[in-house]
Amino acid sequence: MYMPAITGSGVFTPEEIVTNDELVVAFNAYAEKFNTEHAEAIAAGEVEAKAPSSTEFIISASGIEQRYVMNKSGVLDPDVMHPLLPPRSDDEPGIMAEMALDACGKALAQAGREAGEVDLVICAASNHERAYPAIAIEIQQLLGAGGFAFDMNVACSSATFGIQTAADMIRSGSVRCAIVVSPEICSGHLEWRDRDCHFIFGDVCTALVLERAEDAKGDHFIVHSTRCATQFSNNIRNNNGYLRRTREGHMEDRRDMLFVQEGRKVFKEVLPMVSAHISEHMKDACVDAQNLKRLWLHQANKTMNDFIGKKVMGRVPEPEEQPNILQDYANTSSAGSIIAFSKYSADMAPGETGLICSFGAGYSVGSVLVERA
Ligand code: COA
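A few points on the structure. (Residues numbered from 1 in each chain as written. Predicted model: local features only at pLDDT ≥ 70, side-chain atom pairs only at ≥ 80, totals over all residues. Heavy atoms only, no water.)

### Some words on the sheet that holds strand β8 (residues 221-230)
Here is step 1 of the chain: Here nine strands make up an open sheet; going across it, the order is β5-β4-β6-β7-β1-β8-β13-β12-β11 and the pairing mixed. The open sheet has two edge strands with one neighbour each: β5 (148-152) and β11 (292-297). With direction set aside, neighbouring strand axes in the sheet form an average angle of 25°.
Here is step 2 of the chain: Relative to strand β6 (residues 177-185), strand β4 (residues 120-124) is paired through four bridges, and the arrangement is parallel. Across the sheet, residue L120 finds its bridge partner in β6, namely A178.
Here is step 3 of the chain: The sheet contacts of helix α5 (residues 95-111) involve β1 (4-12), β4, β6 and β7 (203-212), and relative to β1 the element is tilted by about 130°. (Pairing = 2+ DSSP bridges. Helix = DSSP H or I, 4+ residues; strand = E, 2+ residues; numbered from the N terminus. Axes fitted to C-alpha atoms, helices over the stretch in contact; angles between N-to-C directions. Contact = heavy atoms within 4.5 Å.)

Next comes the structure, spelled out in structure tokens:
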């Protein structure tokens, strides 16, 4: 058995930013237009008028201040309200693969590895651009990696489930050097016309290099243990899928073909699940709260993270102990905890322990205990 380690991490951040103020102006223009166009039906009680959104609500409900997106003009156009990402020919790299190349390049550079030394690529993300061939295989080819590659999807927990998969393969010896890459174009599955959630998501791509600890060329984190859990729930759901065409009423405009959630229920049900999951993982690994130097949590909601941090640490964590990036990136699905890890781990001292944890649709929760070597 070999000891797996994270030896490199990288983040691709899109160039375009949408601030809360810009988002709210666009949403309110859309809502006003909708209400004018449906004035008669609204007056007759047949259609519900759209209420305006507000920056104050977004900040206080979520802690999100801005988000990065792959296309800003479409998202902010009241007549469009979704990203405009023109289709590419089969001869061009896919958009997810292109984002992945940037993040993987940064992670490989940090690890001091050439792409040709990689023998596993897992593209772990909550949505994939196409059914097949796997995005991961395209990334493998564009990078010049060897071995094999596959896609996996466990929604917001994809990256941590991907880490467990790669770490287990490294432990057993079936692969020597792996990349877990998470290109998340959340703007594509968000309903920007829904006031309850239009502010939630942003786009990003993260990548991690995992390999045998004995092969590490520089600073690295030993992966001590990983733990994954799932429990079925409809409270975060997206019904889009390949059987869409076969079903009556499959119109593009069906609300359930994009991200839908019961935010309050998610709060109530996921918080205890995640807190218990982390506590049990730490207990079984003989790591107590005093010895946990850092928590890199899933980045969906600040109140949620504050609650989990307090529960796990047994006190209010210092900001540097539980870094949040959601104020800048919003919820980037499975990539969120990895952005936090990538940006806030270099200062840790040898022997210090931290925990990466992501959670979301499924429900699913994945945790990874790491130690700075
Ligand atoms: N602007 C202004 N007001 C808004 C609004 C907006 N954009 N969106 C909703 N409101 C109103 C609602 O209509 C409601 O009004 P009411 O009290 O008069 O009915 C009120 O604000 C509260 O809405 P609610 O949906 O209960 O807000 P919330 O405090 O639960 O926050 C979320 C919403 C989505 C931020 C929060 O539920 C959340 O983050 N949940 C967990 C999300 C999560 O982790 N999901 C995983 C996804 S991967």
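### Focus: the pairing of strand β3 (residues 66-69)
Here is step 1 of the chain: Burial along β3 is two-sided: the face carrying Q66 and Y68 and the face carrying R67 and V69 are both buried.
Here is step 2 of the chain: Pairing between strand β2 (residues 16-19) and β3: four bridges, direction antiparallel. Directly across from I17, in β3, lies its bridge partner Y68. (Buried < 20%, exposed > 50% of the residue type's maximum accessible area, 1.4 Å probe, protein only.)

### A look at the nonpolar core
Here is step 1 of the chain: Counting 42 residues, the largest nonpolar core has V274, I278, L292, I308, L355, C357 and F359 as the members making the most contacts within it.
Here is step 2 of the chain: When contributions to this core are tallied by element, the ones reaching two or more residues are α1 (20-37), α8 (263-284), β11, α9 (302-313), β12 (353-360) and β13 (364-372).
Here is step 3 of the chain: Contacts of C357, omitting those with residues within four sequence positions, involve V274, I278, W296, L297, H298, S337, V365, G366 and S367.
Here is step 4 of the chain: Ranked by size, the runner-up nonpolar core spans 35 residues in total, among them A124, A166, V204 and L210. (Core = buried A, V, L, I, M, F, W, Y, C linked by side-chain atoms within 4.5 Å.)

### A few points about the pattern of salt bridges
Here is step 1 of the chain: Applying the stated criterion to the full structure yields 18 salt bridges.
Here is step 2 of the chain: As a salt-bridge pair, D194 and R255 come within 2.9 Å of each other at their nearest N and O atoms. Of the two residues, D194 sits in the loop between β6 and β7 while R255 sits in the loop between β9 (236-237) and β10 (260-261), which places them 61 residues apart along the sequence.
Here is step 3 of the chain: Taking relative accessible area as the criterion, R255 reaches 27% and is therefore assigned partly exposed.
Here is step 4 of the chain: Shared partners join several salt bridges into a network, and the residues in it are K33, E37 and D79. (Salt bridge = Lys/Arg side-chain N within 4 Å of Asp/Glu carboxyl O.)

Everything listed here is a matter of geometry and, on its own, says nothing about what the molecule does.
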